[in-house]
Amino acid sequence: RWLRQHEYVEKLNMHGILSASAGQEQLLTELLVTHAKIPVLIGELISVEIWKHKVFPVLCRLEDFKPRSTFPIYVVLHHEASIINLLETVFFYKEVCESAEDSILDLIDYCHRKLTLLAAGSTKAQAADPVPPQELQKQAEMMEFEISLKALSVLRFITDQVESLPLSALTRMLNTHNLPCLLVELVEHCPWSCWEAGKLKKFENGTWHVVPPEDQVKMTKLDGQVWLALLNLLLSPECQRKYRFDGFNKSQLLKLRAFLTDVLIDQLPNLVEMQRFLSYLAVTEPAPPKNDLILEQVPIIQDHILKKNSGKWEAIAKHQVKHAFSPTEEELKFQARRWAQTYSLDMMEALAPDKPRCRVCGVEAAKRCSRCRNEWYCTRACQIQHWQKHKPACNLMA
């Protein structure tokens with residue numbers, strides 16, 4: 001049943017990416033809003049996060065955990081990435097944000113947890129006790145980093161709608177979690193860029209790449225998300241009324257002035273307003289916020305799951321080892337066929353940012369091996385030339 005749910009989420013995610021690239025994601029957002037699926041996705045997202053930190057370490061510690069294949073576990077780990085990616089695609093729309101209703105509080109808490117890890121440079125999979133199977137360790141670490149970056153984008157889209165958010169959501173972002181100061185930390189440390197062997201590398205579109213000297217001052221999409229979130233949280237009149245501009249918060253926010261260069265402002269002109277606000281903040285003492293909120297909503301999804309399963313994590317892990325992660329050979333083949341249908345080659349190629357290349361000469365290719373549909377060639381001559389090397393693999397896959 002869970003695998004079927006994962007298939008649906010994965011197909012929605014792929015459809016969302018393709019629709020967004022074509023500028024036609026409105027249909028998907030209407031579908032999710034009409035059927036009230038946004039709270040369901042947020043609940044699923046938090047469930048997988050809890051599984052990863054509570055059940056997965058226990059599961060890896062069990063002596064009888066000797067899976068034939070680690071792919072079923074990878075699918076569960078990847079489920080979180082699929083959901084946050086889908087939410088990033090659709091949360092651009094106001095109606096989606098509003099349809100989250102009370103679960104928006106849980107999503108804000110989730111994003112805060114991810115951004116805290118990102119700011120602390122601890123976006124590795126939280127393997128506090130045991131070390132997971134070696135082949136999953138690197139994948140889990142990289143996935144956690146990318147999930148945290150997606151959470152940053154989702155949070156920025158939430159801040160776009162500060163005027164229509166519940167009062168509790170605003171209070172939670174500004175005072176409970178102090179997101180403005182957390183975003184200042186991200187501006188300061190910029191986890192998606194680093195220096196390596198004297199060269200600046202930045203993380204964009206799922207990979208690290210070396211930045212040419214002439215592009216080193218260019219703002220990336222992730223930089224823009226942080227600055228836009230800060231603009232939304234600091235310049236909104238309602239946010240200014242609720243935020244505590246005490247000595248610590250004020251000193252943290254004033255650090256931003258060092259980063260507001262002419263080059264940066266040329267790329268995002270809205271930052272002129274931020275610059276003016278910080279100049280005003282430096283010479284004034286804003287009035288303390290009024291404590292006019294007596295009753296406040298709190299997130300319930302994570303607390304409900306944790307309380308319901310408290311003390312049961314080892315029993316859950318043992319049950320899952322026996323019934324979910326130790327499939328027979330026949331069950332593994334059946335699952336493999338279902339995964340192959342979900343991750344179809346045509347769909348994956350449509351999502352790939354680069355066009356396929358000829359296996360022989362490396363130029364863009366339009367022809368594919370008709371038997372295995374795995375290798376690409378630019379001409380018939382290249383295919384014939386490569387056939388002797390490709391034949392064994394082709395026979396196996398076909």
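The structure under discussion appears in the preceding block.
Summary of the structure given here. Treat the numbers as computed from the prediction; the structure is a model and nothing was measured. (Residues numbered from 1 in each chain as written. Predicted model: local features only at pLDDT ≥ 70, side-chain atom pairs only at ≥ 80, totals over all residues. Heavy atoms only, no water.)

**Quick look at the nonpolar core**
Alright, step 1. With 97 residues, the main nonpolar core has Phe91, Ile104 and Leu107 as its most contacted residues.
Alright, step 2. With twelve residues, helix α3 (residues 38-61) is the single largest residue contributor to this core.
Alright, step 3. Other than its neighbours up to four places away in sequence, Ile104 contacts Phe91, Cys97, Ile158, Leu165, Pro166 and Ala169.
Alright, step 4. Counting residues in each nonpolar core, the second largest holds eight residues, with Cys358, Trp376, Tyr377 and Cys394 among its members. (Core = buried A, V, L, I, M, F, W, Y, C linked by side-chain atoms within 4.5 Å. Buried < 20%, exposed > 50% of the residue type's maximum accessible area, 1.4 Å probe, protein only. Helix = DSSP H or I, 4+ residues; strand = E, 2+ residues; numbered from the N terminus. Contact = heavy atoms within 4.5 Å.)

**Remarks on helix α16 (residues 313-323)**
Alright, step 1. Listing the buried residues of α16 in full gives Trp313, Ala317, Gln320 and Val321. Looking down the long axis of α16, one finds its buried residues gathered within 100° of arc, a one-sided arrangement. Turned more than 90 degrees away from the buried face of α16, the exposed residues are Ala315, Lys322 and His323.
Alright, step 2. Against the buried residues of α16 lie α3 and α15 (301-308). (Arc of directions from axis to C-beta.)

**Observations regarding the pairing of strand β1 (residues 193-196)**
Alright, step 1. Here β1 runs beside strand β2 (residues 199-204); their pairing, made up of four bridges, is antiparallel. Bridge pairing in β2 places Trp195 opposite Leu200.
Alright, step 2. Here β1 folds back onto β2 in antiparallel fashion, the turn holding two residues, of which Ala197 has a positive phi close to 55°. (Pairing = 2+ DSSP bridges.)

**Quick word on the sheet that holds β2**
Alright, step 1. Overall, antiparallel pairing links the three strands, which are arranged β1-β2-β3 in an open sheet. What marks the edges here is a single partner per strand, and that holds for β1 and β3 (207-210). Each strand of the sheet is rotated relative to its neighbour by a mean of 30°, with strand direction disregarded. (Axes fitted to C-alpha atoms, helices over the stretch in contact; angles between N-to-C directions.)

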